[in-house]
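Each chain is listed here by its residues.
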Amino acid sequence: MRRYLPFAIISAVLLIALGTGLALFQWRKPRSAATAPLVPIVSATPEPTVAPASSIAPAVPSSTQVPAAEVAPTVPAAQEPPGTADAGLPHFRGGATAPVTIEEFGDFQCIPCGNLFPKLKKVEADYGERLRVVFRHKPMHKHEHAVLAARAAEAAGLQGRFWEMHDLLFENSGRWTKGVDTIGPETSPSRRLESPLLAMPVEVRDVFLRYAETLKLDVERFKTDMDSDEVKKRIDADQARADSLAIDRTPTLYINGHLVSGNSHRSVETLHAAIDAVLSGKLPDEGASGPTATPAQPK
Amino acid sequence: MSDTQAAQERPRPRLFSLAALLSLVGLADSIYLTITHLTGEDVTCVASSGCSEVLSSAYSSVGSIPLGAFGALAYFAAFSLATLAAFRYRHARKFLTMVVGGMLVTTLWLLYVQAFVLHAFCDFCLLSAALTLSLSTIVAVVHFTGRTAAEQAPLPES
């Protein structure tokens, strides 16, 4: 009997480990709605009224300016699950009538969102007008500067530069979240050394003002807009939509209203596969590691 | 039989049991990291502040397989071999040494990545590193204090 005891112990541990793993996975997996209604999208980003994109500092990538008042295709009402359909006017870029819409719920201070940013940019470049990306704010409570960053992006949006500020915030998130107030790798960082923690928001605000200057925004207006009710309402509207979809983590992506699992947006290739699955009519399943559609040819 | 020979041939079931126990803790840690990776959860550290940086970095997975899954496999292998060694199964100690050796090399590499590439540490990774170092110490103690009686003893009878 003693001869088989170790194997019994090992088998028991294996079963417990597998069972615990599966239970933990079920418990911790995203509780976000598997589908989200695709709503008629009208851009919240007005046409830029300030300097053209070409005059922006090199650190700022150019973005596609989408004409306002373009309406996205919607899913039939019968297919729409519960969820706040109209969360104000969201920001989007890409093809105004693109067959694929990625709706991202993000937080500028969230590191996985920052990691997703360059991949999504690559995918945007690959698909061009066939893809539209919508960004919605979901600042997490644990990130102390996330709301301020969302306000900065919205304040820039009121001057037609939401996406430029969005890009700048993500590109430099590793810096401003640590109190480094410079832009781009070529400048020497001045790390905050002795400010008490409570002074940090003020410093981060100063960093965002510098970003506004870089984008050649009207800085005085930007300052006022950051604290305005208009900006707050815009963020609250996105938050309400996120809450209605039970989103509890960032980034959370929906492709044409279908929740994309975390694994499916870890790389450009998996994003391609998920988008191609939608384009070929094979919608990605929640929790799937990646759709099985044959990768299509990005432009 | 001299005292030295007796010491050399002393079985080490307690050390192997301890190794099995440590492996269980490592297994739990690795399973947790694997699940958080698969669910896309943002892990919050308690003692350090770099969990997100480390666990969402390019070094946190091999292809689409989270590194934690490899850790779970390694810890389960270490647990199984340590259990078998505690029950004096032939060759178990040798394979345990090989598995723990591989884990030690991987751990040292990951510590290097955290310290010099990512400049961030994560609690769960440091716990795993501590467990692997402890396992390595146990294996080294067993190895350098001579052959255990485990290898010489016949298989336990049922």
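Keep in mind it's a predicted model, so treat the numbers as computed, not measured.

## Examining the overall build of chain B
Within chain B, the secondary structure is distributed over seven helices and two strands. Listing every helix and strand of chain B by position from the N terminus yields α-α-α-β-β-α-α-α-α. Every one of the 158 residues in chain B was classed for burial, and the buried ones make up 44%. A fraction of 78% describes how many contacts in chain B between residues 6 or more apart in sequence connect residues 24 or more apart.

## Some details on the overall build of chain A
Per the secondary structure count, chain A includes nine helices and five strands. Order of helices (α) and strands (β) in chain A, N terminus to C terminus: α-β-β-α-β-α-α-α-α-α-α-β-β-α. Within chain A, buried positions represent 44% of all 299 residues.

## Concerning the interface of chain B and chain A
Contact with chain B, which involves 26 residues of that partner, is made by 28 residues of chain A. Contributions of two or more residues to the side of chain B that touches chain A are made by helix H2 (13-39), helix H3 (51-55) and helix H4 (67-86) of chain B. The biggest single contributor to the side of chain B that touches chain A is H2 of chain B, with seven residues. Looking at side-chain class alone, the side of chain B that touches chain A contains 12 nonpolar, 10 polar and four charged residues.

## Concerning the confidence of the model for chain B
Residues and elements named next belong to chain B. Residue-level pLDDT values for chain B average 83, and 84% of them are 70 or greater. At the low end of the mean pLDDT range in chain B sits helix H1 (residues 3-8), at 45; at the high end sits H4, at 95. ipTM for the predicted complex: 0.77, alongside a pTM of 0.63.

## A closer look at the sheet that holds strand E4 (residues 252-255) of chain A
Residues and elements named next belong to chain A. With respect to topology, five strands assemble into an open sheet ordered E1-E3-E2-E4-E5, the strand pairing being mixed. Because the sheet does not close on itself, it has two edges, and the strands there are strand E1 (91-94) and strand E5 (258-260). The mean angle between the axes of side-by-side strands here comes to 25 degrees, regardless of whether they run parallel or antiparallel. Against the sheet, helix H8 (residues 229-244) touches strand E2 (100-106) and strand E3 (131-137), its axis set at about 100 degrees to E3.

## Digging into the environment of threonine 97 of chain B
Residues and elements named next belong to chain B. As for its position among the elements, threonine 97 is in helix H5 (residues 92-118). Residues threonine 97 and serine 136, 39 residues apart in the sequence, show an inter-C-alpha distance of 8.0 Å. With sequence-adjacent residues up to four places away left out, threonine 97 is seen in contact with Val139 and His143.

## A word on the pairing of E3 of chain A
Residue and element names in this part refer to chain A. Counting buried positions along E3 yields seven of seven residues, so the element is predominantly enclosed. Alternating positions in E3 separate into two faces, Leu131, Val133, Phe135 and His137 on one and Arg132, Val134 and Arg136 on the other, with burial throughout. As paired elements, E1 and E3 share four bridges and run antiparallel to each other. Considered in E3, the bridge of arginine 93 is made with valine 133. With seven bridges joining them, E2 and E3 adopt parallel strand pairing. By the bridge assignment, isoleucine 102 is partnered in E3 with valine 133.

## Some points on the nonpolar core
Membership of the largest hydrophobic core comes to 54 residues, with the highest contact counts inside it found for Ala152, Ala153, Ala156 and Met165 of chain A. Considering each element in turn, this core owes the most residues, nine residues, to helix H3 (residues 146-157) of chain A. Excluding residues that lie within four positions of it along the chain, alanine 152 of chain A makes contacts with Met165, Leu169, Phe208, Tyr211 and Met226 of chain A. Formed by 31 residues, the second largest nonpolar core is a distinct cluster that contains Leu81, Leu84, Leu96 and Val99 of chain B.

## Observations concerning the pairing of E2 of chain A
All names here are of chain A. A large share of E2 lies buried, amounting to six of its seven residues. Read as a crossover between parallel neighbours, the route from E2 over helix H2 (residues 111-127) to E3 is right-handed. Looking at chain direction, E2 and E4 are connected through four bridges and run antiparallel. Bridge pairing in E4 places isoleucine 102 opposite isoleucine 255.

## A look at the environment of leucine 55 of chain B
All names here are of chain B. Among the structural elements, leucine 55 can be located in helix H3. Accessibility expressed as a C-beta count within 10 Å gives 26 for leucine 55, which makes it buried. For leucine 55 and cysteine 125, which are 70 residues apart along the polypeptide, the C-alpha to C-alpha distance reads 8.9 Å.

## Examining the packing of H3 of chain A against H8 of chain A
Residues and elements named next belong to chain A. Relative orientation of the contacting elements H3 and H8 amounts to 115 degrees, with a least axis distance of 9 Å. If you check the angle between H3 and H8, you find them roughly perpendicular. As for the relative orientation of H3 and H8, their crossing is right-handed in sense. Residue-level contacts link Ala150, Arg151, Glu154 and Ala155 of H3 to Val231, Arg234 and Ile235 of H8.

## Things to note about unusual backbone geometry
Negative phi values dominate among residues other than glycine, just as trans dominates among peptide bonds. Geometrically, the link from threonine 250 of chain A to proline 251 of chain A is a cis peptide bond, its omega value of -5 degrees lying close to zero. Despite not being glycine, asparagine 256 of chain A has its phi angle at roughly 45 degrees, a positive value. Of note, asparagine 256 of chain A is situated in the loop between E4 and E5. The phi angle at arginine 88 of chain B is positive, at roughly 65 degrees, despite the residue not being glycine. Secondary-structure assignment places arginine 88 of chain B in the loop between H4 and H5.

## Describing helix H9 (residues 268-279) of chain A
Residue and element names in this part refer to chain A. Here H9 is 12 residues long and its end C-alpha atoms lie 16 Å apart, about the 16 Å a rise of 1.5 Å per residue gives. Within H9, nine of the 12 residues are buried, which leaves the element mostly enclosed by the surrounding structure. Among the structural elements, E2, H2, E3, E4 and E5 are those in contact with the buried residues of H9. Once H9 ends, the next one or two residues include glycine 281, with phi positive near 90 degrees.

Rules used throughout
Residues numbered from 1 in each chain as written. Chains lettered and ligands numbered in written order. Predicted model: local features only at pLDDT ≥ 70, side-chain atom pairs only at ≥ 80, totals over all residues. Helix = DSSP H or I, 4+ residues; strand = E, 2+ residues; numbered from the N terminus. Buried ≥ 20, exposed ≤ 12 C-beta atoms within 10 Å, placed from the backbone. Contact = placed C-beta atoms within 7 Å. Nonpolar A, V, L, I, M, F, W, Y, C, P; charged D, E, K, R; others polar. pLDDT = per-residue confidence, 0-100. Pairing = 2+ DSSP bridges. Axes fitted to C-alpha atoms, helices over the stretch in contact; angles between N-to-C directions. Core = buried A, V, L, I, M, F, W, Y, C linked by C-beta atoms within 7 Å. Right-handed = clockwise from strand over helix to strand, strands pointing away. Parallel < 35°, antiparallel > 145°, perpendicular 65-115°, else oblique. Left-handed = near helix turned anticlockwise from the far one by under 90°. Expected span 1.5 Å × (residues − 1).

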